[in-house]
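Now for the letters of each chain:
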Amino acid sequence: MANNWKALIAHLEQNLDLNEALATSAMSEILEGRAVEEDIKNFLIALKNKGESSTDISLLVNELLKYALPISIEERAVDPVGTGGDGKNTVNISTSAAIVTTAAGARVVKHGSIAASSKSGAADVLTELGVATDLTGPEVEKCVYKLGIGFMKATTFHSALRHAAPARKALGVPTVFNVLGPLANPAQPKVIALGVAPKEKLPIMAKVVADRGGEGFAFRGDDGIDELTLATTSTVIQIKNGEMTTHVFDPQEIGLELSPLSALVGGTPDINAKIIRRVFAGEEGPVREAILLNAAIAIAAFKGDFHLGLNQQIANGYVLAKQAIDSGKAEDLLEKWSKLTQELSPANNLK
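Residues numbered from 1 in each chain as written. Predicted model: local features only at pLDDT ≥ 70, side-chain atom pairs only at ≥ 80, totals over all residues. Heavy atoms only, no water.

**Let's talk about the overall build of the protein chain**
Selection criterion: A run of H or I in DSSP counts as a helix once it spans at least four residues, and a run of E counts as a strand once it spans at least two, with each numbered from the N terminus. Radius of gyration: over C-alpha atoms. The globule rule applied is 2.2 Å multiplied by the number of residues raised to the 0.38 power. Categorising residues by exposure relies on relative accessible area from a 1.4 Å probe, with only protein chains included: less than 20% of the type maximum marks a residue as buried, more than 50% marks it as exposed, and the intermediate range marks it as partly exposed. Each accessible area is a Shrake-Rupley estimate made with a 1.4 Å probe; only the visible protein chains count as cover when residues are assessed. Positive charge is attributed to Lys and Arg, negative charge to Asp and Glu, and no charge count is given to His or to the chain ends. The atoms used to mark charge sites are NZ of Lys, CZ of Arg, CG of Asp and CD of Glu.
In terms of regular secondary structure, the protein chain is built from 16 helices and 7 strands. In summary, the protein chain has a C-alpha radius of gyration of 20 Å against a globular reference of 20 Å for 351 residues, a match within 12%. Along the longest, intermediate and shortest principal axes, the C-alpha atoms of the protein chain span 60 × 50 × 35 Å. Counting the 351 residues in the protein chain, one finds 54% classified as buried. In the form shown here, the protein chain has an accessible surface area of approximately 14500 Å², with 49% of it arising from carbon and sulfur atoms. For the protein chain, the separation between the mean place of its 34 positive charges and that of its 41 negative charges on side chains is 3 Å.

**Comments concerning unusual backbone geometry**
The backbone of Q188 sits at a positive phi, close to 50°, despite the residue not being glycine. Locating Q188 in the fold gives a position in the loop between α10 (177–183) and β4 (191–195).

**Re the pairing of strand β7 (residues 243–249)**
Sheet faces and side chains relate simply in a regular strand, where the side chains alternate between the two faces. Using the following cut-off: Two strands are counted as paired when DSSP detects at least two bridges linking them.
Both strand β6 (residues 234–240) and β7 contribute to a ladder of 7 bridges, which runs antiparallel. Within β7, the position partnered with T235 by the bridge is V248. In this structure, the hairpin formed by β6 and β7 is closed by a connection of 2 residues, where N241 is found at a positive phi of approximately 55°.

**Points about the packing of helix α7 (residues 137–147) against helix α15 (residues 329–344)**
Selection rule: Note on geometry: axes are lines fitted to C-alpha atoms, helical ones only across the stretch in contact, with angles between N-to-C directions running from 0 to 180 degrees. By definition in this entry, angles of less than 35 degrees are roughly parallel, angles greater than 145 are roughly antiparallel, angles of 65 to 115 are roughly perpendicular, and the rest are oblique. Crossing chirality is assigned from the near helix's rotation relative to the far helix, an anticlockwise turn below a right angle marking it left-handed and a clockwise turn marking it right-handed. Note on contacts: a residue pair qualifies if any of its non-hydrogen atoms lie within 4.5 Å across the two residues. Each residue receives one of three labels: charged for Asp, Glu, Lys and Arg, nonpolar for Ala, Val, Leu, Ile, Met, Phe, Trp, Tyr, Cys and Pro, and polar for the others, Gly being one of them.
Following both chains from N to C, one finds α7 and α15 inclined at 150°, their axes separated by 10 Å at the closest point. Here α7 is positioned roughly antiparallel relative to α15, judged by the angle of their axes. Crossing hand, α7 versus α15: right-handed. Seen from α7, the contacting residues are E139, K142, C143, K146 and L147; seen from α15, they are L333, K336, W337, L340, T341 and L344. Across the contact of α7 with α15, the residue classes break down as 6 nonpolar, 1 polar and 4 charged.

Written out as structure tokens, the structure reads:
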């Protein structure tokens with residue numbers, strides 16, 4: 001495909017978006033292991049220099065999903081997910097929030113991976129919490145059916161991405177692949193609570209969700225984290241019926257106290273797991289409030305009461321999230337999920 005790569009790069013250097021044919025050609029070469037590292041690097045840099053549009057990202061997500069392991073979740077579900085890459089090394093907030101969201105009555109299908117830019121990724125901390133993360137489609141489906149929550153590890157469900165890893169590592173800068181993961185949940189849930197660290201990517205990623213028929217919220221803390229923050233305001237984009245509305249959310253407006261970002265700093269997976277267990281056991285403080293707040297927006301996304309004001313939606317979700325922890329339901333769910341995943345784990349069944 002040497003000439004095709006040259007034509008593709010030339011196309012991008014003219015500041016033109018990808019079309020379906022070009023996206024299919026590039027991704028099939030990469031994901032099927034035929035592309036050489038230099039061509040992948042040139043493609044990623046040309047796309048980055050042009051600026052990845054919502055059209056580019058949506059087309060590439062479509063192609064990535066074609067190579068994903070199959071999984072079918074027909075019921076309404078939400079994915080609380082973040083881009084990562086904010087460099088703040090906070091506790092695994094969206095992963096904790098996913099458990100609380102489920103315990104509050106929502107259905108969650110979370111997509112995540114091991115740490116890339118932090119000390120602890122979703123898969124890392126779940127493993128420390130006793131949740132087996134090596135499940136494939138049928139096992140994850142059982143978890144969602146029985147408990148209302150499932151986790152899909154990106155390296156398992158998107159194993160073809162390994163072919164792009166050397167080029168991405170050699171470049172050492174964020175590329176389009178850093179934003180594809182949060183948008184390429186193999187179960188393709190309709191609803192998302194999407195945290196986006198890079199400010200310039202927030203409206204673009206929200207538009208991808210809207211264009212693909214999704215709904216929910218895309219947001220970032222105005223201090224740069226890929227979560228709703230307690231340190232200042234957050235920018236929130238509500239997505240419904242292909243339309244996007246942007247809001248500034250201040251946690252003080254629903255009665256929460258501000259806390260510095262430093263109060264949310266975690267560490268390695270074992271440290272974060274201990275912090276999460278303490279919160280689920282009733283420990284109060286900024287970490288609990290951050291988990292509750294981010295569970296609140298995921299619950300709001302799942303409930304879909306988009307006719308209400310944003311503050312009311314988040315406040316309603318916060319009440320349910322608080323009940324989920326205070327009642328012991330979140331703690332109980334974690335133990336049940338851990339036990340079920342260990343029973344279903346291919347690794348344990350091979351022993």
